[in-house]
Amino acid sequence: MKEYVYYPVKFCLCFSGGNIFKAFFLLLKNVFCLVCWSLLGEKEFKFILNFNSAKFNYYANEIIDLHVLGEIFLDKNYDYNFGSNPTVMLDIGANIGVSCIYFKLKYPNIIILALEPNISLNERFYKNTSTFDGVFLYNVAITNKNASVHLITGKNHLSSKISDEKNQSNCNAVPCCS
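Here goes a summary of the coordinates provided. (Residues numbered from 1 in each chain as written. Predicted model: local features only at pLDDT ≥ 70, side-chain atom pairs only at ≥ 80, totals over all residues. Heavy atoms only, no water.)

Here we look at the layout of surface pockets
The calculated volume of the largest pocket comes to roughly 510 Å³. Taken together, 31 residues make up the lining of the largest pocket; nearest its centre are D91, I92, G93, A94 and N95. At the level of secondary structure, the elements contributing two or more residues to the lining of the largest pocket comprise α3 (63–74), β4 (88–92), α4 (98–106) and β7 (141–142). Of the residues belonging to the lining of the largest pocket, the class tally is 20 nonpolar, eight polar and three charged. (1 Å grid on protein atoms, 1.4 Å probe; cavity = no way out; pocket = protein on both sides within 12 Å on 5 of 7 lines; lining within 4 Å. Points joined across faces, edges and corners; volume = space filled by probe spheres on them. Helix = DSSP H or I, 4+ residues; strand = E, 2+ residues; numbered from the N terminus. Nonpolar A, V, L, I, M, F, W, Y, C, P; charged D, E, K, R; others polar.)

Quick look at helix α5 (residues 122–129)
N122, R124, F125, N128 and T129 are the residues of α5 that are buried. Down the axis of α5, the buried set is contained in an arc of 165°. They therefore lie on one face. (Buried < 20%, exposed > 50% of the residue type's maximum accessible area, 1.4 Å probe, protein only. Arc of directions from axis to C-beta.)

Some thoughts on the nonpolar core
Of all hydrophobic cores here, the largest spans 30 residues; its most connected members are F56, Y58, F73 and V98. For this core, the leading source of residues is α4, giving six residues. The contacts of V98, once residues within four sequence positions are left out, are Y58, V68, L69, I72 and F73. Ranked by size, the runner-up nonpolar core spans five residues in total, among them A141, V149, L151 and C176. (Core = buried A, V, L, I, M, F, W, Y, C linked by side-chain atoms within 4.5 Å. Contact = heavy atoms within 4.5 Å.)

Looking at the sheet that holds strand β6 (residues 135–138)
Spatial strand order, β4-β5-β6: three strands in an open sheet with parallel pairing. A strand with exactly one partner marks an edge of an open sheet, and here the two such strands are β4 and β6. Taken over all neighbouring pairs, the strand axes of this sheet differ in orientation by 20° on average, direction set aside. Pairing analysis gives four bridges linking strand β5 (residues 111–115) to β6, with the strands arranged parallel. Looking at β6, one finds that L115 is bridged to Y138. Its contacts with the sheet place α4 against β4, β5 and β6, and it is angled at close to 170° to β5. On top of the sheet, α5 reaches β5 and β6; it is set at about 175° to β6, its chief contact. (Pairing = 2+ DSSP bridges. Axes fitted to C-alpha atoms, helices over the stretch in contact; angles between N-to-C directions.)

Focus: unusual backbone geometry
Despite not being glycine, K76 has its phi angle at roughly 55°, a positive value. Non-glycine residue N95 carries a positive phi angle of around 55°. Along the chain, N95 turns up in the loop between β4 and α4.

Remarks on the pattern of salt bridges
Across all of its chains, the model carries three salt bridges by this definition. Put simply, R124 and D65 hold a salt bridge, and the shortest N to O gap is 2.5 Å. Taken together, the positions of R124 in helix α5 and D65 in helix α3 put the pair 59 residues apart, joining distant regions of the chain. No difference in accessibility class separates R124 from D65, as the two residues are buried. Of the charged contacts in the structure, one is a salt bridge between K127 and E123, with a shortest N-O distance of 3.8 Å. Taken together, the residues K127 and E123, both in helix α5 and four residues apart, mark about one turn of the helix. When its relative accessible area of 56% is taken as the criterion, E123 is described as exposed. (Salt bridge = Lys/Arg side-chain N within 4 Å of Asp/Glu carboxyl O.)

Below is the structure:
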């Protein structure tokens, strides 16, 4: 596995002048992703990231992983002002832990209960959040019943769905809570 030092937030600040600069940055990000996965042929990349003077590791093995990272850290989609420092957070659909990383960096003392029904994401979730205390992963789905459902996973980790079809190769029974 190759390691890359990547400073997305500092890089983004250089391009904060307007839409043309943001479009240019997104193009650069996509080119970087294609080079990493297509030409280098790596299965997983470890990025050493710096956010507000805090360094952390980020493991990615799909192009979509860098898009999710960009949405949260560059586009600041989760930059909410809670008014005070929250003590507990429920992350429903925690995926590979990017939002957990963001909120642990923003609120170091917060306890995060991360719910993610797709068990194939566990390894990357734990790798991405291993440097943070107080992050707990539960493999459950949130539904209107306390039972189990069938989770069908798509070709990337952002395309899972609950279904009644249980005879598919990419289908797993997942416990639910309501």
